[in-house]
Amino acid sequence: MTGLVLAALLPVPVLIAADYLSVDAARKAVFPEANAFQEVLVPRTPEQMQALLTRAGPQPPHGTLRIWSAARDGVLLGHVFVDEVIGRQSLITYAVGIDAGGALRNLEILSYRESHGGEIRNAAWRGQFTHRDGLEQLRFGTDIKNISGATLSSEHVTQGVRWLLALWQSALRPTRGPG
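It should be emphasised that the depicted structure is a prediction, and the values quoted were computed from it without experimental measurement.

Trainee: Which residues make up the packing of aromatic side chains, and what values do they have?
Mentor: The full count for this structure, using the stated rule, is one aromatic pair. Measuring from centroid to centroid gives 5.2 Å for Trp125 and Phe129, while their planes differ by 70°, and the two rings are edge-to-face. Phe129 shares its class with Trp125; the two are buried. A cation sits over an aromatic face here: Arg27 above Trp68, 5.0 Å from the ring centre. Across the ring face of Tyr20, the terminal group of Arg121 is positioned such that the distance to the ring centre comes to 3.5 Å.

Below is the structure:
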C-alpha cells in the first residue's frame, strides 16, 4: 500500500502527441504553386551516407525520410522532404522544401510528440530557415536560435535540415546544361 501511495506522488511525464498537418497539406504549404508532386527515391551507399554525415555534421537519430519533386506544368520547382528526428524522447515529423536553386523553403511541423518544446511550431522560429542556401548558414545557436525549453527539439530539427540540404546538394541538385 505504501508503494502505491509513493508511486502516485511521483511525477508522471505528460506526452502530448499532436498531428498538425498531413503530408499532402505540408507539401502544398511548402510549394503552394506546385501542381504535381512525384515521389523520389535516393539510394545511398554506406560510403555516400558517411560523406553526407561528414558534410552535415552530427545527427540525432532519424526516422522515416520521404522526398518528392515539386513541379508546375512540368517545370521542376524543387523538392519537399518529410523527415523525422528524435526530440528528447520521441520523433518530430517535419517537412522542408529546397527550391531548384538550393534555397530553403517553408519549414513545417507535421507531428510533435513531446511534452515540452512544441514552441518549434512557432512561425518566427521556423522562419529562420527560409531562404538559407548553404550549410554555413545553418549553424545551431549562431544562425538558428535556440528556444528555451525546446533546446533538443530545435537543435535536432536544425541538424536534420542540415542533413537534408547536404543530401539535396549531393544527390538532387539540378545539373546545369552547357551554357
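Trainee: Describe unusual backbone geometry, with residues and values.
Mentor: Most of the time, phi is negative for any residue but glycine, and the peptide bond is trans. The residue Asp73 is not glycine, and still its phi comes out positive at about 50°. Here Asp73 is to be found in the loop between strand S3 (66–72) and strand S4 (75–86). Looking at Asp73, the relative accessible area reads 61%, which means it is exposed. Even without being glycine, His131 reaches a positive phi, approximately 75°. By relative accessible area, His131 is classed as exposed at 64%.

Trainee: I'd like a description of the confidence of the model for the chain, backed by residues and values.
Mentor: Looking at the chain as a whole, the pLDDT averages 89, with 88% of positions reaching at least 70. Segment residues 4–8 is flagged for pLDDT under 50; beyond a separation of four residues in sequence, or across chains, it makes zero contacts in the model.

Trainee: How would you summarise the packing of helix H3 (residues 46–56) against helix H5 (residues 151–172) if you had to cite specific residues and measurements?
Mentor: Across the interface, H3 lies against H5 with an axial gap of 9 Å and an inter-helix angle of 125°. Of the possible angle classes, the one that applies to H3 and H5 is oblique. Regarding H3 and H5, the two cross each other, and that crossing is right-handed. Between H3, through Met49, Leu52, Leu53, Arg55 and Ala56, and H5, the contact on the second element is made entirely by Arg162, Trp163, Ala166, Leu167, Gln169 and Ser170. Classifying every residue of the contact of H3 with H5 gives seven nonpolar, two polar and two charged.

Thresholds, definitions, all that
Residues numbered from 1 in each chain as written. Predicted model: local features only at pLDDT ≥ 70, side-chain atom pairs only at ≥ 80, totals over all residues. Heavy atoms only, no water. Phe/Tyr/Trp six-rings, centres within 6.5 Å; stacked < 30°, edge-to-face > 60°. Buried < 20%, exposed > 50% of the residue type's maximum accessible area, 1.4 Å probe, protein only. Lys NZ or Arg CZ within 6 Å of the ring centre and 35° of its normal. Helix = DSSP H or I, 4+ residues; strand = E, 2+ residues; numbered from the N terminus. pLDDT = per-residue confidence, 0-100. Contact = heavy atoms within 4.5 Å. Axes fitted to C-alpha atoms, helices over the stretch in contact; angles between N-to-C directions. Parallel < 35°, antiparallel > 145°, perpendicular 65-115°, else oblique. Left-handed = near helix turned anticlockwise from the far one by under 90°. Nonpolar A, V, L, I, M, F, W, Y, C, P; charged D, E, K, R; others polar.

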